[in-house]
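Listed below, chain by chain, are the residues.
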Amino acid sequence: MTPFVRHEGRVAALPRVNVDTDQIVPKQFLKRIERTGFAPVLFHDWRYRADGSLDPAFELNRPAAAGATVLLAGANFGCGSSREHAVWALSEYGFRVVIAESFADIFYANCCQNGLLAVRLVPGEMRELFARHARAAGDYDVVVDLEAQTVVDDAGFRATFSIAPYHREMLLRGLDEIGRTLLEEAHIATYERTRETGNGKGESW
Amino acid sequence: MTARTLFAKVWDSHVVHRLPDGPELLYVDLHLVHEVTSPQAFEGLRLAGRGVRRPELTVATVDHNVPTDDRTRPIADTLAARQVGALTANAREFGIELFDLASPRQGIVHVIGPELGLTQPGMVIVCGDSHTSTHGAFGALAFGIGTSEVEHVLATQCLVVMRPKTMEVRFEGAPAPGVTAKDLILALIGRIGTAGATGHVIEYTGAAIRGLSVEGRMTVCNMSIEAGARAGMIAPDDRTFDYLQGRPRAPAGERFTRAVARWRRLCTDDGAAYDSRITLDAASLGPQVTWGTNPGMVADITGRVPDPAGIAIAAEREAVERALAYMDLRPGTPLEGLAIDRVFLGSCTNARIEDLRSAAGVVRGRRVAERVRALVVPGSQQVKAQAEAEGLDRVFREAGFEWRNSGCSMCLGMNPDILASGERCAATSNRNFEGRQGRGGRTHLMSPAMAAAAGIAGHLVDIRRWT
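Computed from a predicted structure; not experimentally measured.

**Points about the overall build of chain B**
Line of reasoning, step 1. Along its length, chain B carries 15 helices and 19 strands.
Line of reasoning, step 2. For 467 residues, the compact-globule estimate of 2.2 N^0.38 gives 23 Å, and the C-alpha radius of gyration of chain B, at 21 Å, lies within 12% of that figure.
Line of reasoning, step 3. Its C-alpha atoms put chain B at 55 × 55 × 45 Å along the principal axes.
Line of reasoning, step 4. Residue pairs at least 24 apart in sequence account for 77% of intrachain contacts in chain B once pairs closer than 6 positions are excluded.

**Section: the overall build of chain A**
Line of reasoning, step 1. Of the regular secondary structure elements, chain A holds 8 helices and 7 strands.
Line of reasoning, step 2. Within the span of chain A, comprising 205 residues, buried residues form 43% of the whole.
Line of reasoning, step 3. Residue pairs in contact within chain A that sit at least 24 positions apart in sequence constitute 69% of those at least 6 positions apart.

**Quick look at the interface of chain A and chain B**
Line of reasoning, step 1. Contacts between chain A and chain B engage 49 residues on the former and 60 residues on the latter.
Line of reasoning, step 2. Residue assignment for the side of chain A that touches chain B shows that the elements contributing at least two residues are helix 1 (21-24), helix 4 (105-114), helix 6 (165-173), helix 7 (177-182) and helix 8 (185-197) of chain A.
Line of reasoning, step 3. The dominant element in the side of chain A that touches chain B, judged by the number of residues it contributes, is helix 4 of chain A, at 6 residues.
Line of reasoning, step 4. Its residues assigned to classes, the side of chain A that touches chain B comprises 18 nonpolar, 15 polar and 16 charged.

**Digging into the pairing of strand 10 (residues 200-205) of chain B**
On a regular strand, each side chain points to the face opposite its neighbour's, so the side chains alternate between the two faces of the sheet.
Residue and element names in this part refer to chain B.
Line of reasoning, step 1. With 6 of 6 residues buried, strand 10 lies mostly within the body of the structure.
Line of reasoning, step 2. Neither face of strand 10 is open: one carries His200, Ile202 and Tyr204, the other Val201, Glu203 and Thr205, and all of them are buried.
Line of reasoning, step 3. Direction of pairing for strand 9 (residues 165-172) relative to strand 10: parallel, over a ladder of 6 bridges. Note that in strand 10 the partner of threonine 166 across the bridge is valine 201.
Line of reasoning, step 4. Since strand 9 and strand 10 lie parallel, the crossover through helix 6 (residues 181-192) that links them has a hand, and here it is right-handed.
Line of reasoning, step 5. Pairing of strand 10 with strand 11 (residues 231-233) involves 3 bridges; the strand directions are parallel. If you follow valine 201 over to strand 11, its bridge partner there is alanine 231.

**What to know about the sheet that holds strand 1 (residues 15-18) of chain B**
All names here are of chain B.
Line of reasoning, step 1. Here we have 3 strands laid out as an open sheet, ordered 1-2-8, and antiparallel in their pairing. At either end of the open sheet lies a strand with only one pairing partner, and these are strand 1 and strand 8 (158-161). Going across the sheet, the axis of each strand differs from the next one's by a mean of 25°, ignoring polarity.
Line of reasoning, step 2. When strand 2 (residues 24-27) meets strand 8, the two strands line up antiparallel, connected through 4 bridges. Pairing of leucine 25 across the sheet is with valine 160, part of strand 8.

**Notes on the pairing of strand 1 of chain B**
Residue and element names in this part refer to chain B.
Line of reasoning, step 1. By the bridge criterion, 3 bridges tie strand 1 to strand 2 in an arrangement that is antiparallel. If you follow valine 15 over to strand 2, its bridge partner there is leucine 26.
Line of reasoning, step 2. The hairpin formed by strand 1 and strand 2 contains 5 residues between the paired strands, and aspartate 21 there has a positive phi angle of roughly 70°.

**A look at the environment of cysteine 411 of chain B**
Residues and elements named next belong to chain B.
Line of reasoning, step 1. You can see cysteine 411 is positioned in the loop between strand 17 (401-403) and strand 18 (424-427).
Line of reasoning, step 2. Since 29 C-beta atoms lie within 10 Å of it, cysteine 411 is described here as buried.
Line of reasoning, step 3. Those residues in contact with cysteine 411 that lie beyond four places of it in its chain are Gly346, Ser347, Ser429 and Asn430.

**Section: the sheet that holds strand 16 (residues 373-376) of chain B**
Residue and element names in this part refer to chain B.
Line of reasoning, step 1. Overall, parallel pairing links the 5 strands, which are arranged 17-16-15-18-19 in an open sheet. Among the strands making up the open sheet, the edge pair consists of strand 17 and strand 19 (442-445). Pairs of neighbouring strands in the sheet enclose a mean axial angle of 20°, with direction left out of account.
Line of reasoning, step 2. As paired strands, strand 16 and strand 17 are joined by 3 bridges and run parallel to one another. Directly across from valine 376, in strand 17, lies its bridge partner tryptophan 403.
Line of reasoning, step 3. Lying on the sheet, helix 15 (residues 448-457) is in contact with strand 15 (342-345), strand 16 and strand 18; it crosses strand 15 at an angle near 150°.

The rules behind each value
Residues numbered from 1 in each chain as written. Chains lettered and ligands numbered in written order. Predicted model: local features only at pLDDT ≥ 70, side-chain atom pairs only at ≥ 80, totals over all residues. Helix = DSSP H or I, 4+ residues; strand = E, 2+ residues; numbered from the N terminus. Rg over C-alpha atoms; globule rule 2.2 N^0.38 Å. Contact = placed C-beta atoms within 7 Å. Buried ≥ 20, exposed ≤ 12 C-beta atoms within 10 Å, placed from the backbone. Nonpolar A, V, L, I, M, F, W, Y, C, P; charged D, E, K, R; others polar. Pairing = 2+ DSSP bridges. Right-handed = clockwise from strand over helix to strand, strands pointing away. Axes fitted to C-alpha atoms, helices over the stretch in contact; angles between N-to-C directions.

Have a look at this one:
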């Protein structure tokens, strides 16, 4: 996994609440058996008209959003289906950070697994970011610093965010979580022995 | 010992190790696998030279993208065929049991787990599918995970998880005739919203829950994720044990008796504290129907399409405006009487035998309305066989319904069963998201009896006044 330490990038805004993973990657594109190839279908049904042409009204299709790497989103982003394809698509499209008031649990976990930083800010800070993005007509960049746990722009905006230390460490170092867990082999083996004999924790309730 | 919740009892008994900085390493008793969210996980194992730690605790089936019509022919969709083929090859390579298209046990993963007796009280169960919450109906802790976590469980039989919070959802009173498990859960989501339980495991309690069959409890737990919850749970009782007894993979004989004695302790102790609680009066609820593009956009069948102009919060107002435009609905329109084009009876939410019986009771001796196309997709091949043994297939066919093989089908439309743009569907599934059942398709979620009645009438009806 690519480590995430600090990122400066162009902001795209998608001010809609409850964006579900069916919108991020519609089901007709879940048949791939690879982790790649999802960028072209990100937000497919919003991004493209029924005839396959780009819909110029969709937020990510606006000229100022070209090359965006930071997505500002509405509350409860990533709700619904557990499909990790949603995170693969956002990453492959170029996003390194999604900032929202809240995220669905499985989506958040999937972000952590793929080095996509999901930043939670309070409603007032989100409103301010959306407003600054709108005032700049989309010509707007921010710096997201995971070490300092801050989001700043060059015009005085500054917000701090919280993240579980475990996730922060995983992202900062780009850790392979399976490798990390396998270091606990002795604990797993002990648990399995007690579980197997029926005398273990499995009956402790 | 201090008083603990049902959730805490299951969680605590599965903690392998507490990791530094918060999360816990949780042991997984049952890992369910399907074709759509697993190929990249198996590929990851191969690339890293890792194996599956406990193949005997891992069970696979094909459900999401499979055709539900003729099974004697190869899958026509080459991408779907490749994905099914990948699971077949992976199951063989890693020694995992697979219920494939030829198996009489094939079905939707969340239907076959309980049906086989694989799902048992007190277990931790995971699957790369958000509706894994279904299995919580047995007093298991069951939740959906992403593909990277699928790979993690395959490799380690464990998962790194932050301990979630707990929420008690109590349904008091007895629901009126015609008001089902589906209506209870839709009403809850309408009340607390699609993020109302984010970060929480819900425990459902109260007389209305105790009064539900195990199948109804599965319907309730199934849609916990639509309220944002990590999982839903219900303490097991005699109904649960009766359901499990004699199932192929449930303990048998003396082992079953001992298991039941253990399972009986799986309840929330008096005085145990939840992080939050909410109470709903089941007796006051009518049948529920969604009008919008998420399951929280729901109303009583006697209600009307809401007017966004009355919503003070801008983000919510815009969401409703957007939903009404997508659904082609005007504010103030009564839900009852809304014309439909399609009926979908299926999904891990409502395609078990009781659901089919309930719907068949409504359609028996009648015909689907002329312009309506209606589909019944049993939740598993076992459900299909049981329904056929009871003659339900004839009831549906004679009424003009198509009778299919099992799979996820039109719940998510990964297979050829999809809505055309602009079509309006009465569906027993779990998500009414934009495009979920087909681009431009408009989904109204409801109970099996309500969907069946809508198919006969050609429009949404109040099942309480159905004669």
